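Here are the chains, one letter per residue:
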Amino acid sequence: MDASALSLAAAFLIEIQRADDLPTIESLLAAVAHELGFRHYAMIHHDDHRSGSPGLINMNNYAPDYAAEYFGGLYHRDDPVVHACIAANACFTWCEIADLIELGPRHRTFLERGEYYGVTNGITVPAFVLGERSGSCNFCSPRKPGSVRHHLDAVHSIGGFAFSKARRIVNGGRLRQVRVARLRPRWRDCVVLAGQGKSNTDIATILGLTPATVKTYVERACASYEVSNRTQLVLAAVLDGEVGIHEIAPRQHRYLAT
């Protein structure tokens, strides 16, 4: 535990409560990242940022080429840091990712691409509110690599309060963002059970439907999220806030993203 980092976090919390717009929050994040010795920060919603939809948080100082690749290519869908957020739902260092999820080939490719742009060795604070898009606050690429763990407690407080304040601003001062559900009730039931590892036949038995109907519901839910399989569907629904982490069996967390 670093006393100076905690003191910096305490000062940050005072300033973040006074912030009344997103540029101020971004300036505070940039300043605290620099003071903690991190080259990069990112506080983002795990969503499609290509169209600049209102209500989405996207603050980062990544290299322009990397940011263009990440957001333009919807890389959040394969980002092991994002997937680890689902498994952890608590502050974690990136060296712990392999303990939280099974790292597949696409995850390793993603991490290698990040290292190419100098995005590595970070701390992430997940942000999940059921019914809203998920997000995270990240600090990475420390100037002193061995210092990351010393800043865990400070980043936990900084990231949590920063995202909470930004959410309130983009929600017009409300605690929650009111959105129309993307999944119909029966589609959602199927997604939750799929997330628990149930087959279409199992889901049909539990819900009193035919396997063909379940297959149709899952396909329509996939189309709604523009994904091609059940694993991607469950991940998308969790990241979108349609399904809560608590509704998926704990044993599934580690394997969902593979």
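Everything discussed here concerns the structure shown above.
Every value quoted in this text rests on a predicted model; they were computed, and no experiment measured them.

Criteria and thresholds
Residues numbered from 1 in each chain as written. Predicted model: local features only at pLDDT ≥ 70, side-chain atom pairs only at ≥ 80, totals over all residues. Heavy atoms only, no water. Helix = DSSP H or I, 4+ residues; strand = E, 2+ residues; numbered from the N terminus. Buried < 20%, exposed > 50% of the residue type's maximum accessible area, 1.4 Å probe, protein only. Contact = heavy atoms within 4.5 Å. Phe/Tyr/Trp six-rings, centres within 6.5 Å; stacked < 30°, edge-to-face > 60°. Pairing = 2+ DSSP bridges. Salt bridge = Lys/Arg side-chain N within 4 Å of Asp/Glu carboxyl O. Expected span 1.5 Å × (residues − 1). Arc of directions from axis to C-beta. 1 Å grid on protein atoms, 1.4 Å probe; cavity = no way out; pocket = protein on both sides within 12 Å on 5 of 7 lines; lining within 4 Å. Points joined across faces, edges and corners; volume = space filled by probe spheres on them. Nonpolar A, V, L, I, M, F, W, Y, C, P; charged D, E, K, R; others polar.

Novice: Explain the side chain of Ser141 here, please?
Specialist: Of note, Ser141 is situated in strand β5 (residues 135–142). Residue class for Ser141 comes out buried when judged on its relative accessible area of 3%. Beyond its immediate chain neighbours, meaning those up to four positions away, Ser141 contacts Gly37, Phe38, Arg39, His40, Gly118, Val119, Thr120 and Asn121.

Novice: Would you take a moment to explain the packing of aromatic side chains for this structure?
Specialist: For any two aromatic rings, the description comes down to two numbers: the centre-to-centre distance and the angle of the planes. Taken as a whole, this structure holds nine aromatic pairs when the rule is applied. Ring geometry for Tyr66 versus Tyr70: centroids 6.1 Å apart, planes at 45°, classification tilted. You can see Tyr66 and its partner Tyr70 sitting in helix α3 (residues 64–72), four residues apart, about one turn around the helix. Judged by its relative accessible area of 3%, Tyr66 is buried. Judged by relative accessible area, Tyr70 falls into the buried class, the value being 4%. Aromatic side chains Tyr70 and Phe110 sit 5.9 Å apart centroid to centroid with 70° between the ring planes, which places their arrangement in the edge-to-face category. A residue pair is termed long-range when its members are at least 10 positions apart, and Tyr70 in helix α3 and Phe110 in helix α6 (residues 105–116) qualify at 40 residues. Just as Tyr70 is buried, Phe110 falls in that class too.

Novice: When you look at the sheet that holds strand β4 (residues 123–127) in this model, what are you seeing that I'm missing?
Specialist: Sheet strands pair via backbone hydrogen bonds, and the direction of the pair is either parallel or antiparallel. The sheet built from five strands is open, its strands ordered β2-β1-β5-β4-β3 with antiparallel pairing. At either end of the open sheet lies a strand with only one pairing partner, and these are β2 (58–60) and β3 (92–93). Across seven bridges, strand β1 (residues 38–45) lies against β5 in antiparallel orientation. Among the inter-strand pairings, Tyr41 is bridged to a residue of β5, identified as Phe139.

Novice: What's the story with the pairing of β4 in this structure? I'm lost.
Specialist: Looking down a regular strand, the side chains alternate between one sheet face and the other. β4 sits mainly inside the fold: five of its five residues count as buried. Covered by surrounding structure in β4 are Ile123, Val125 and Ala127 together with Thr124 and Pro126, the residues of both alternating faces. Two strands pair when backbone bridges link them, and β3 and β4 are joined in this way by two bridges, in the antiparallel orientation. If you follow Phe92 over to β4, its bridge partner there is Thr124.

Novice: Just to check I follow, could you spell out the pattern of salt bridges for this structure?
Specialist: If charged atoms from side chains of opposite charge come close, those side chains can pair. Applying the stated criterion across every chain yields a total of 11 salt bridges. The shortest N-O distance in the salt bridge between Arg50 and Asp48 comes to 2.7 Å. Residue classification places Asp48 among the partly exposed positions, given a relative accessible area of 24%.

Novice: What is the right way to read the environment of Pro64 from this model?
Specialist: Structurally, Pro64 can be placed in helix α3. With 72 residues separating them in the primary sequence, Pro64 and Ser136 have C-alpha atoms 20 Å apart.

Novice: What should I look at first to understand helix α2 (residues 22–36) in this one?
Specialist: For the α-helix, the turn length of 3.6 residues means that residues three or four positions removed from each other point alike. Counted at 1.5 Å a residue, the expected span for α2 with its 15 residues is 21 Å, and the 21 Å between its end C-alpha atoms agrees. Within α2, the full set of buried residues consists of Ile25, Leu28, Leu29, Val32, Ala33 and Leu36. Across the axial projection of α2, the buried residues extend over an arc of 130°, all falling on one side. The exposed set on the far side of α2, more than 90 degrees from its buried face, consists of Pro23 and Glu35. On its buried side, α2 packs onto α1 (3–18), β1, β2, β5 and α7 (152–170).

Novice: Hey, could you run me through unusual backbone geometry in this one?
Specialist: Only a minority of non-glycine residues have a phi that is not negative, and only a minority of peptide bonds are not trans. Despite not being glycine, Leu74 has its phi angle at roughly 55°, a positive value. Residue class for Leu74 comes out buried when judged on its relative accessible area of 14%. Of note, the phi angle at Asn121 is positive, near 55°, even though the residue is not glycine. Counting through the fold element by element, Asn121 comes out in the loop between α6 and β4.

Novice: When you look at the layout of surface pockets in this model, what are you seeing that I'm missing?
Specialist: In this approach, a probe sized like a water molecule rolls over the atoms, and the result shows the empty space that is left. When its volume is computed, the largest pocket comes out at roughly 450 Å³. Within the residue set of the lining of the largest pocket, elements represented by two or more residues are α10 (211–225) and α11 (230–239). The leading source of residues in the lining of the largest pocket is α11, at four residues. Class assignment for the residues of the lining of the largest pocket results in seven nonpolar, eight polar and nine charged. Lining the second largest pocket are 25 residues, and of these Val81, Trp94, Phe110, Leu111 and Val119 lie nearest its centre. Those elements that provide at least two residues to the lining of the second largest pocket are β1, α3, α4 (80–88), α5 (97–100), α6 and β5. A class-by-class count of the residues in the lining of the second largest pocket yields 16 nonpolar, five polar and four charged.

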